[in-house]
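# Coordinate analysis (summary)
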Amino acid sequence: MSSTKHWGFHTILFQNLAPLYSGFLFVLMSLSNISGLPSYEALQGNVAEIPCNFTMISEEGIALILWYRGNSSTPIYILDARNGLTNQPKHFPSDILGDRAFFDVDVIPSVLRIKDVTEEDGGRYRCRVDYKHDPTENICIWLDIIVPPRETIIMDKFGQHLHGLIGPYNEGYPLLLICEADGGRPPPALTWKKEGKVLKDNFTLTPQGFSRNEIVLPELRRQDLFSSLVCEASNSDIGAPLFSSVTLDLNLKPLDVKIITTNRPVSAGRQVELVCETWGARPPAEITWWKGMDRLTFVSDLLTPDNNKTVSTVTFTSEAKDNSKNITCRADNSLLKDSVVSDVHTLEVYYVPQVTVSSRNISSLNDLVEGSEITVDCNIDANPPKVDVWWLFNGSTINTNQKSDIIIANHSLTIKNVTKNHNGRLQCVAANKEGEGWSEEMSLMVNYQPVCKSLESKEYAVLAGSKIKVTCEVDAQPSDVQFRWSLNNSFGLLSLNTFTENGTTSVALFSPQSEVEYGTLLCWAKNKFGEQNYPCNFTVTPGAPPEAPKNCLLVNQTIETFIVRCSPGKDRGLSQHFQLEVYNKRNKNLQNNISASDAPFFVVHSLPPGTPFILRIYSANLRGRSPPETLQARTLDVNYKSTKKGKNTEGFRFSHILGIVLGILLVVVILFLLIFVLRKLRCVHRSHREQDIHNSRVEKDLVNSDADEESPKHDVQLLDLISTKKDFSGPPDVTHTTAKWNHTDSGDFRVDLMKDRQSPITPAETVRWRDQEIEEAHRAKTDDESSLCIISESSNSLYDLEEWRHKTFGPHLRTKVYDEENCINLETPLVNTLTEGEMSSLQSFRLGHIISTDV
């Protein structure tokens, strides 16, 4: 700090005294040649030429020429010209000049040349010319030795010497440069130039006698970069000026910055990439990216080869909250203040609707009371803002329903009259092109006074002296309830205190001791919103005999077994069991008596084949037994098995022939031979076949005239009622099967067979199939000992056997048997699950005559 002040003091002093000092030096220089002698200049170190312009031209008249310097009486140079100036005059330089001097008389005027002159060589010179016959002539000349400056020095304001490339200096800032000349006589003039143009040419002298020129560039500009500033020093016109130069290096601000990525909407959750360019900064600008007030960090920069342009890329994942935020690309030269330039894009983010719900009419959902009104608003934040809105209640869509007092409008849902049925989860869903947004579920909890959970009146049967527990359950919100019980009988309305409470359930203990104590138990519950308007009532009776079993079905008949399945009737409050009585229709005797405790399900076996039976099914409890349900049944004939085997043999033969024919079709040569043979056979038997077809169609028309009157024309439900339990005590498993009746006469069956077989049927085969059809039709027309059992679709009850005596059922209506010995078919899967022990108990259990269905 002290050196700076000291320098500043000398600077001020110099500025005040410089004009005076300059004038003083000018006076001294003027006094040095006050005599008015002719003056000649020479640069120090160069050749000085001092003329001697004598008047006598005749060379023969000159004897001697002597040179004197200053006031010395001793010559410094002698020329002996007594033999003539042109006759090799003799030169005698003194030791002062030595070989540096030479007097040239061959030029006019004659010149004393002194090489490598120094500052001491300057001053007054006298040329004395001695003539042979004339008086001596003296010619005086003043030689001024110009001393050029040793160097020019360029400095900054701190006195730091500068040379070459200087800086860098900041754009927009001022710059002070100082130029001084070291040495030189007279003091040299200093001039600042830029690109040949004079910037400043006035200079001053320092107290030390140095020339000094200060220049101030008030504001450095971009065009000053690498410009050259020259300081010239010159104190004579006979020599080239001395100069020094510096080149300016600058720190430059960025000219501009621009985000070159097209500004388009982006989807939330997607990665966004933006590119920004800046140029003109020196050194290259630093680019930063900002999202709102947050700086983005995933940035990569690239410089162009000339370092003039910077390309920056930023990547980030957009979020819904980024919508309408500014994305800023900022370029900055950290060395320069106020150098920031920026470009801004407003980010538009498309996102799935963000949905919330809020209630409007009530301060708390816990205050919602039955009968009040509530409005729920769906608050949506979405972009694009165009959305579709719908409401869900317990996961299902709801719409405006005036009858239910539900109104949906302007993203709001209003329930005019809240009931307990509105307890549940309410949710708002909004969708735009980005997807669906779901609100959190709002749980509606409607407060209401208790009501019975079951609106049906229950009946309890109890014997006098016994005890029963009657359970009363209510719905209430809040569920903190209190109960009261009463008994309404012939004595009036009596309070009942023998009960317990557990939440919304109360259990009363009641024991009637006589017939007059039976009546109706009434149960009330209340919470803080009041007591229920209508009590729950339970009728207590002494009990009664049960109802008869219903919907009894007879299924799966064999030659010595059948199964009976019913639905139980009402037990009238007391536990019941079930009974089946089997009467032989021929001898009127009781064939079998079977009990069942759990369900009316009976397996009857060890019966004589081909025998009709009458079945009586009833239920019983402590109060008695029900009226019986009556069915008729029949076991199958013994010859059913052999007939069935014969049919299967024919079927096997047909399948075998069909397989051989298909195999032969694969061989081309054999195929042609076979076609040739078949054509021959067709011609021979055509007449027989046409006659058979005609007979079959006539028979079909006769049979179908009766069958079409009563055969079902729609699907029925066939129940497979075989239980898988060994003791058959529990309710059986039931398989529901949809079936269709198909009625076909022998002619149609043969035609269908021909379609499947796709090969000619021989007359012998036709006759065999027709005989089988006739035999089956004849069997269906027999007396009341028919073995067919048909199940009605409409009532699930057994058709009257008489209605089916005249119906015709062909072999295509029978079950597909895979176990011929036991006649177990594919349409009774529950039978297939019987254990080995169960099958042994059903050795004669045959299902072969159950009507087949196409499932």
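Residues numbered from 1 in each chain as written. Predicted model: local features only at pLDDT ≥ 70, side-chain atom pairs only at ≥ 80, totals over all residues. Heavy atoms only, no water.

## Points about the sheet that holds strand β16 (residues 204-205)
The cut-off we apply is this: For two strands to be treated as a pair, DSSP must find at least two bridges joining them. Strands here mean DSSP runs of E at least two residues long; helices mean DSSP runs of H or I at least four residues long; both are numbered from the N terminus.
Taking strand neighbours across the sheet as the criterion, the 5 strands line up as β11-β10-β13-β17-β16 in an open arrangement whose pairing is antiparallel. Edge positions in the sheet fall to β11 (161-162) and β16, since each of these pairs with one other strand and no more. Sheet topology places strand β10 (residues 151-155) next to β11; 2 bridges connect them, and they run antiparallel. Residue pairing across strands places M155 opposite H161, the latter belonging to β11.

## Focus: unusual backbone geometry
Spelled out, the test is: Each residue is placed in one exposure class: buried if its accessible area under a 1.4 Å probe, protein chains only, is under 20% of its type's maximum, exposed if it is over 50%, and partly exposed if it falls in between.
That bond from I108 to P109 is cis: its omega, -15°, falls within 30 degrees of zero. Note that P109 resides in the loop between β6 (101-104) and β7 (110-114). A cis amide bond links R185 to the next residue, P186, at an omega of 0°. Counting through the fold element by element, P186 comes out in the loop between β13 (175-182) and β14 (189-194). A positive phi is found at N394, a non-glycine position, where the angle reads about 55°. As for its position among the elements, N394 is in the loop between β31 (388-393) and β32 (396-398). According to the relative accessible area criterion, N394 is partly exposed, its value standing at 34%. Here the phi dihedral of N556 falls at roughly 55°; this positive angle occurs in a residue that is not glycine. Mapped onto the elements, N556 comes out in the loop between β48 (550-555) and β49 (562-567). Residue N556 is classed as buried on the basis of its relative accessible area of 5%.

## Overview of the state of the cysteines
What counts here: The disulfide criterion is simple: two cysteine sulfur atoms within 2.5 Å.
What the rule picks out here adds up to 7 disulfides. Covalent S-S linkage joins C378 and C428, the inter-sulfur distance amounting to 1.9 Å. Torsion about the S-S bond of the C378 and C428 cystine: about -85°, corresponding to left-handed handedness. Remark: C428 occurs in strand β35 (residues 424-432) and C378 occurs in strand β30 (residues 374-383); sequence separation between them is 50 residues. When its relative accessible area of 6% is taken as the criterion, C378 is described as buried.

## Observations regarding the pattern of salt bridges
Just so we agree on the cut-off: A pairing counts as a salt bridge when a side-chain nitrogen of Lys or Arg comes within 4 Å of a carboxyl oxygen of Asp or Glu.
Following the criterion strictly, the structure yields 25 salt bridges and no others. Between E119 and R185 there is a salt bridge, with its nearest N and O atoms 2.9 Å apart. In this pair, E119 sits in the loop between β7 and β8 (123-131) while R185 sits in the loop between β13 and β14, placing the two residues 66 residues apart along the sequence. Assessed through its relative accessible area of 38%, E119 is described here as partly exposed. Between E441 and R425 there is a salt bridge, with the nearest N and O atoms lying 3.2 Å from each other. With E441 in the loop between β36 (435-438) and β37 (442-444) and R425 in strand β35, this pair connects stretches of sequence that are 16 residues apart.

## Looking at the nonpolar core
Put simply, the test is: Nonpolar cores were defined as sets of buried Ala, Val, Leu, Ile, Met, Phe, Trp, Tyr and Cys residues, with membership established by side-chain atoms within 4.5 Å. Here a residue-residue contact requires only that any non-hydrogen atoms of the pair lie within 4.5 Å.
Core analysis: the biggest nonpolar cluster contains 28 residues, and F54, I65, W67 and F103 have the highest contact counts within it. Counting only elements with at least two residues in this core, the list comes to β2 (48-52), β3 (62-69), β4 (77-80), β6, β7, β8 and β9 (137-146). Setting aside residues no more than four positions away along its own chain, I65 makes contact with F54, Y77, I78, L79, L85, F103, C127, R128 and V129.

## What to know about the packing of aromatic side chains
Note the cut-off: Pairing of aromatic side chains here covers Phe, Tyr and the six-membered ring of Trp, requires ring centres within 6.5 Å, and sorts the geometry by plane angle: under 30 degrees stacked, over 60 edge-to-face, intermediate tilted.
Counted by the stated rule, this structure contains 5 aromatic pairs. Residues W485 and F499 carry aromatic rings whose centres are separated by 6.5 Å and whose planes lie at 40° to one another, so their mutual orientation is tilted. Placement of the pair is W485 in strand β41 (residues 482-489) and F499 in strand β43 (residues 499-502), with a sequence separation of 14 residues. Judged by its relative accessible area of 3%, W485 falls in the buried class.

In short, shape yes, function no, at least from these values alone.
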